[in-house]
Amino acid sequence: MSRKTLLHDATVQEGRGRPSLPHRSVLIDGERIEAVLPVDLAPLHDPGVDVLHLGGRTVMPGMTLGHTHIAYLDVLDGREMLFKYSVPELTLAAAENTTRLLSLGYTGFVGAGSVSGIDMALRKAVDAGRLRGPRITPCSRDLMVSGPPERRNGEVKKRIPTDLMRLADTPEEMAEYVAGEIAQGAEIVKVFSSGDDTFPNGRSHELLFTAEELVVAARTAHEHGARIRAHSRGLGGIRNAIAAGVDVIDHATYADDAALEAVAERGIFVVPSLYQPHMLLTTGTRHGKTPEYLETLEFQAEIDNTLRILPLMAEMGIPVVAGDDFGFAWTPHGTYARELELYVTMAGIPAPTVLTWATANGARLAGRGDDAGTVQAGRLADLVVTDGDPAEDIGVLSRPGGIELVLLGGEAVAGSAEPYRAGVVEGVSVR
């Protein structure tokens, strides 16, 4: 019989939007949490329990990155997303990014557009034990159209290899591609209800998919047991995505109050975008973007409205999930926790609330809402040990050395448990 593990004398951040609980111990049996106990009730001297002395360090749920482009590699624009590197190069780098997520406290990721179907390959490799990585909810390739309905151009489709991105300009093609991606292993499908000021084929306020195409895509995804997420910046695109029945609205940067009410009523997930546009506007010139180009973007208006709606979404109970567009030169992989900091420092959202966006809500988006995302009995022991309480100082998650140990299903997958077994953690004497 396998031994149990006790994370003893910890501060527990449950991932439920509340302050952390000091002087607790977390008992793990196999891959699951058996109990969260006051330290005085912990089975400290049970010979069948492996004790890790944490000395007040914080135990929190593993995080889920809710909008993941694992194969974007410091890209500058839409063309580089597809053509900057070869598929073999992308695959190797994506595998490295996948493993690195664990050391950063992310025990899950939900794809948001998979170049060449790499998400599905990574999921298979992780499940087979060939690659160390978090729990993966693989996304389809981007399902894109050549332009807004009034500017569709069949020549564009000829220039985009279908293995990299699916381009469809009719509802029939859309249904075929959605079903095909799910057959290859996609559990969530990515579509585009609006453009983006950085896109070559349509700006943020412009519609890309028609309302009919969105309905067909959503219906097909749901009929095949998958979810669907829509890139939706402009208000028209947001409204169409809601009406089509999507499960996730990405960005929602121009949402108005009526749209938020509809989102709340339907329980649609929202993955907002604050960090990526902020970093583009403030650091884009370091990466070759001219001031003139940045002035053509209306991202400041998107930032301003995002700052307005973030507290409203929290108040309305909308399931917000963290995960911005990482993989651009100004938002490189590995800086994920900086997004969480910005929600606290720039948007004024309390840190315990932001943590739920990365933990409990992220697990819900990944389909594990009843199985992970919080520190409580019966949940998977996907846990992170930090040198500091992120509910008090969320910056600990991005500080070098701030994340000391990561467990996935009770197994140490990043960091080492040995210092805690010894009974003395550096700088702290423990009982």
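Structure: see above.
Residues numbered from 1 in each chain as written. Predicted model: local features only at pLDDT ≥ 70, side-chain atom pairs only at ≥ 80, totals over all residues. Heavy atoms only, no water.

Colleague: What am I meant to see in the overall build of the chain here?
Modeller: Helices and strands together make up the secondary structure of the chain, namely 15 helices and 19 strands. In terms of overall size, the chain behaves like a compact globule, its C-alpha atoms giving a radius of gyration of 22 Å where 431 residues would be expected to give roughly 22 Å. Its C-alpha atoms put the chain at 70 × 40 × 40 Å along the principal axes. Considering the chain as a whole, with its 431 residues, one finds that 59% of them fall into the buried category. Contacts in the chain between residues at least 24 apart in sequence constitute 69% of all its contacts with a sequence separation of at least 6. Carbon and sulfur atoms provide 51% of the accessible area of the chain, an area that totals close to 16400 Å². (Helix = DSSP H or I, 4+ residues; strand = E, 2+ residues; numbered from the N terminus. Rg over C-alpha atoms; globule rule 2.2 N^0.38 Å. Buried < 20%, exposed > 50% of the residue type's maximum accessible area, 1.4 Å probe, protein only. Contact = heavy atoms within 4.5 Å. Areas by Shrake-Rupley, 256 points an atom, 1.4 Å probe, with all protein chains shown as cover.)

Colleague: Looking at this model, I keep getting lost on the packing of helix α5 (residues 171–183) against helix α6 (residues 211–223). Mind explaining?
Modeller: What describes two packed helices is the angle between their axes and the distance between those same axes. Remark: α5 packs on α6, axes separated minimally by 9 Å, with the N-to-C direction vectors making an angle of 30 degrees. Relative to α6, the element α5 lies roughly parallel. Like other packed secondary-structure pairs, α5 and α6 cross with a definite hand, here right-handed. Facing α5, whose interface residues are Pro171, Met174, Ala175, Val178, Ala179 and Ile182, α6 presents Glu212, Glu213, Val216, Ala217, Thr220 and Ala221. Grouping the amino acids of the contact of α5 with α6 by side-chain chemistry returns nine nonpolar, one polar and two charged. (Axes fitted to C-alpha atoms, helices over the stretch in contact; angles between N-to-C directions. Parallel < 35°, antiparallel > 145°, perpendicular 65-115°, else oblique. Left-handed = near helix turned anticlockwise from the far one by under 90°. Nonpolar A, V, L, I, M, F, W, Y, C, P; charged D, E, K, R; others polar.)

Colleague: When you look at the packing of helix α7 (residues 235–244) against helix α8 (residues 257–266) in this model, what are you seeing that I'm missing?
Modeller: Following both chains from N to C, one finds α7 and α8 inclined at 25 degrees, their axes separated by 10 Å at the closest point. Taken together, α7 and α8 sit at an angle that is classed as roughly parallel. In this structure, the crossing between α7 and α8 has a hand that is left-handed. Side by side, α7 and α8 meet where Leu235, Ile238 and Ile242 of the first sit next to Ala259, Ala262, Val263 and Arg266 of the second. Within the contact of α7 with α8, the residues separate by chemical class into six nonpolar, no polar and one charged.

Colleague: Honestly, the pairing of strand β7 (residues 106–111) in this entry has me stumped. Any pointers?
Modeller: It is a general feature of regular strands that their side chains alternate between the two faces of the sheet. Most of β7 is tucked away, with six of its six residues classed as buried. Note: strand β6 (residues 63–68) against β7, four bridges, orientation parallel. Within β7, the position partnered with Leu65 by the bridge is Phe109. (Pairing = 2+ DSSP bridges.)

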